[in-house]
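Reading the structure
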Amino acid sequence: MIKCDNLYYSYEDYQYNKVEVLKALSFEIKEGEKVILLGINGSGKSTLLKILNGLIVPQSGTYSFKTKEVNKKYLKQHNQTFRKEVALQMQDPSSMLFNATVHDEIAFGLKHFGFDEIESRVHHWAKLFEIEKLLHTSPLSLSGGQKQKVLLASLLCVEPTVLLMDEPTAHLDPPSTGWLVDFLGELNVTSLIATHNLNLGRELGQRAIVLGENHELIYDGSVEALLEDMSILIKAQLVHQHKHNHNGVEHKHFHLHSWT
Ligand SMILES: Nc1ncnc2c1ncn2[C@@H]1O[C@H](COP(=O)(O)OP(=O)(O)OP(=O)(O)O)[C@@H](O)[C@H]1O
Ligand SMILES: [Mg+2]
């Protein structure tokens, strides 16, 4: 469904020098697969998700969606169908909320893609995310977690087949995180979810793609095997070490912390 072949992406710095943030990326995601995307800050996860959502196009290499190369021409010709199928929840929910009310935010995509029974759909999704009481509030006046719920409801209500998520649980409290993880587990979509929360890894996907500090793919395999492989976890800097005390003896070793 999704195929990246030797993909490179670079930004320009303030002196117009190219800074590569994705290098030689090749991987495939089949229909129905649930994959997590890991890597330290700045490794390129959000950039990759933007490419997969067609917001930016790689300078070299190819990204194909359903065997068609997603380039500027493809996006021009298939913009509506591609946007309907592939949804991206960006890392910062505020950057994606632009309507006057929560109601209008959820209704926006439904209207844009020509859905029927808009009112009942808006209420269905608002109820699911427990944001019914906020329907007539401005999204800008909400808390981070509430914004995240509004954003997810507005993306999911148009029933995308591919869901790209950038830290979906970042702003959520433990009950909402648990609910979302269960909900995503049952959702019939192909997904790629960037997360720093390794404890949720197993719940969010069966397979992991890991970007290294040098912006190359350093692991593509089962989440289970990754969590058992301390050498890859250290290489990817997904574990950290700090000093601590065991029976009066101070020492250091690598930890996989439980952040939830
Ligand atoms: N619009 C931009 N212009 C210039 N550089 C950018 C831009 N967006 C991202 N970068 C740079 O590209 C690199 C990768 O950024 P990206 O946001 O993809 O990383 P990330 O893996 O999502 O990090 P995080 O875990 O912090 O969210 C970083 O060094 C970042 O500074
Ligand atoms: Mg990011």
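Shown above is the structure to which this text applies.
Below you will find a few notes about this structure. (Residues numbered from 1 in each chain as written. Chains lettered and ligands numbered in written order. Predicted model: local features only at pLDDT ≥ 70, side-chain atom pairs only at ≥ 80, totals over all residues. Heavy atoms only, no water.)

**Considering the sheet that holds strand S7 (residues 162–166)**
The pairing of strands in a sheet comes from backbone hydrogen bonds and takes either a parallel or an antiparallel form. Formally: Strand pairing is defined by DSSP finding a minimum of two bridges between the two strands. Numbered from the N terminus, helices here are DSSP runs of H or I no shorter than four residues, and strands are runs of E no shorter than two. Structural elements are reduced to axes, namely lines fitted to C-alpha atoms, with helices fitted over the stretch in contact, and the angle between N-to-C directions of any two is expressed from 0 to 180 degrees. Between two residues, a contact is recorded if the distance between any of their heavy atoms is within 4.5 Å.
A sheet is described by the order of its strands in space; here six strands give the open sequence S6-S7-S8-S3-S9-S10, paired in mixed fashion. Each having just a single partner strand, strand S6 (86–89) and strand S10 (217–222) make up the two edges of the open sheet. Strand-to-strand twist across the sheet, computed as the mean angle between neighbouring axes with direction ignored, equals 15°. Across five bridges, the pairing between strand S9 (residues 207–211) and S10 is antiparallel. Each bridged residue has a counterpart across the sheet, and for Val-210 the counterpart in S10 is Tyr-219. Sitting on the sheet, helix H1 (residues 45–52) is in contact with strand S3 (34–38), S6, S7, strand S8 (190–194) and S9, with an inclination near 155° to S7.

**Here's the deal with the site of ligand 1**
Spelled out, the test is: Any residue with a non-hydrogen atom lying within 4 Å of a molecule or strand is treated as near it. Here a polar contact is recorded for every N or O atom pair within 3.5 Å, except that within protein the pair must consist of a potential hydrogen donor and a potential acceptor, and residues adjacent in sequence are included only if both atoms are side-chain atoms. In this classification, the charged set is Asp, Glu, Lys and Arg, the nonpolar set is Ala, Val, Leu, Ile, Met, Phe, Trp, Tyr, Cys and Pro, and all remaining amino acids, among them Gly, are polar.
In the vicinity of ligand 1, the contacting residues are Tyr-11, Val-21, Ile-40, Asn-41, Gly-42, Ser-43, Gly-44, Lys-45, Ser-46, Thr-47, Gln-91 and His-196. Between ligand 1 and Tyr-11, the relevant distance is 3.4 Å, taken from a nitrogen atom to a side-chain nitrogen or oxygen of the residue. Thr-47 places a polar side-chain atom, nitrogen or oxygen, 2.6 Å from an oxygen atom of ligand 1. Sort the elements by how many residues they give to the shell around ligand 1 and H1 lands first, with three residues. Classifying every residue of the shell around ligand 1 gives three nonpolar, eight polar and one charged.

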